[in-house]
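Architecture and fold: a report
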Amino acid sequence: MMENNNKIPFEEDNYTHNINRNNERMLDRRGFMKTLVGAAGLFAVSSLPWGAVAAKELLGLSNKEYPKMKIADVNAVAVGDSVKFAFPSEHDSALLIRLGENKFVAYQNACTHLRCPVFWVKEEGEMICPCHHGKFDANTGAPTAGPPRRPLPEIQVKVENGVIYAIRVKRYEA
Ligand code: FES
């Protein structure tokens, strides 16, 4: 027994050492896999629901309503002028244009090509994207020139007691 005792610890040490080394390698690999899976999970979590929301919006299936939001007083916007605002969130930059005495239109103004801000050029009667000369019809939000292929998302507006409100982002027609 005593003789063996001299050897066993050494072998055990060696054995343990090897196991530890193997475990370390496995842990490394597992750690790496976990990171990968974690990253993939995060990606899925961050992209899927929004993808679904976007798909719903595009397909016109979303019923999401936002609280109405004041854009401006009617008196503060002359016919032919535009006002910048944000709707429904502060990050959704938008444009209200007064096309006539009683005609107000509003669109989210991130260009549907590469998201440059589109602005209203009164003299030309068009919404223009400066990045690649994209143009949009102010009456419909439809692209009329340049690379954009999709219309600007329209924001439904309502005038109540001399105040213009944003009501909702209109669904795309399927
Ligand atoms: S980003 Fe608007 S035309 Fe390209």
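Shown above is the structure to which this text applies.
The sections below set out a description of the structure shown in this document. Throughout, residues of each chain are indexed from 1 in the direction in which the sequence is written. Given that this is a predicted model, residues contribute local features only at a pLDDT of at least 70 and side-chain atom pairs are listed and counted only at 80 or more, while totals for whole chains, interfaces and linings are drawn from all residues. Hydrogen atoms and water are omitted, and side-chain values are computed over all heavy atoms in the structure.

**Quick notes on the sheet that holds strand S3 (residues 93-100)**
Selection criterion: When DSSP finds two or more bridges between two strands, those strands count as paired. A run of H or I in DSSP counts as a helix once it spans at least four residues, and a run of E counts as a strand once it spans at least two, with each numbered from the N terminus. For helices, the fitted axis covers only the stretch in contact; all axes are lines through C-alpha atoms, and the angles between them, taken along N-to-C directions, range from 0 to 180 degrees.
Reading across the sheet, the six strands line up as S1-S10-S9-S4-S3-S2 and stay open at both edges, with antiparallel pairing between neighbours. Taken across any chain shown, the strands that pair with only one partner, and hence form the sheet edges, are strand S1 (69-73) and strand S2 (82-86). Here the average twist between neighbouring strands, direction ignored, is 30°. Direction of pairing for strand S9 (residues 154-160) relative to strand S10 (residues 163-169): antiparallel, over a ladder of six bridges. Each bridged residue has a counterpart across the sheet, and for valine 157 the counterpart in S10 is alanine 166.

**Some thoughts on the packing of aromatic side chains**
What counts here: The criterion for an aromatic pair is that two Phe, Tyr or Trp rings (for Trp, the six-membered ring) have centres within 6.5 Å, with stacked assigned to planes under 30 degrees apart, edge-to-face to planes over 60 apart and tilted to the rest. Comment: the charge-over-ring label is applied if NZ (Lys) or CZ (Arg) is within 6 Å of the ring centre and within 35 degrees of the ring normal.
Enumeration over the complete set of coordinates arrives at zero aromatic pairs. Its guanidinium or amino end placed over the ring of tyrosine 165, lysine 68 lies 4.4 Å from that ring's centre, counting from NZ or CZ.

**Quick look at the sheet that holds strand S7 (residues 134-136)**
Hydrogen bonds between backbone atoms are what pair the strands of a sheet, whose relative direction is either parallel or antiparallel. With antiparallel pairing, four strands are arranged side by side in an open sheet as S5-S6-S7-S8. Looking along the sheet, the strands with just one partner apiece sit at the ends: strand S5 (119-121) and strand S8 (143-145). In this sheet, adjacent strand axes meet at a mean angle of 40° when their direction is disregarded. By the bridge criterion, three bridges tie strand S6 (residues 126-129) to S7 in an arrangement that is antiparallel. Its bridge partner being in S7, isoleucine 128 is matched across the sheet by lysine 135.

**Looking at the pairing of strand S4 (residues 103-108)**
Rule in force here: Think of it in three bands: residues with accessible area under 20% of the maximum for their type are buried, residues over 50% are exposed, and the middle band is partly exposed, with areas taken using a 1.4 Å probe on protein chains only.
For S4, the tally of buried residues reaches five of six residues, placing the bulk of the element in the interior. By the bridge criterion, six bridges tie S3 to S4 in an arrangement that is antiparallel. Bridged to isoleucine 97 within S4 is valine 105. In this antiparallel pair of consecutive strands, S3 and S4, the connection spans two residues. Bridge analysis of S4 against S9 gives two bridges, and the strand direction is antiparallel. Each bridged residue has a counterpart across the sheet, and for tyrosine 107 the counterpart in S9 is glutamate 154.

**Notes on the pairing of S10**
With respect to burial, S10 is a largely interior element, six of its seven residues being buried. Two elements, S1 and S10, share four bridges in a ladder whose sense is antiparallel. Its bridge partner being in S10, methionine 69 is matched across the sheet by alanine 166. Where S9 folds back on S10, the antiparallel hairpin that results is connected by two residues, among which asparagine 161 adopts a positive phi of roughly 50°.

**Side note on unusual backbone geometry**
Cis geometry marks the peptide bond from phenylalanine 87 to proline 88; its omega dihedral reads 0°. Tracing the backbone shows proline 88 in the loop between S2 and S3. Even without being a glycine, arginine 115 presents a positive backbone phi close to 70°. Among the structural elements, arginine 115 can be located in the loop between S4 and S5. Given the relative accessible area of 63%, arginine 115 is considered exposed. In this structure, histidine 133 takes a positive phi of about 60° despite not being glycine. Along the chain, histidine 133 turns up in the loop between S6 and S7. A residue is classified by how much of its surface remains accessible, and histidine 133, at 62% relative accessible area, is exposed.

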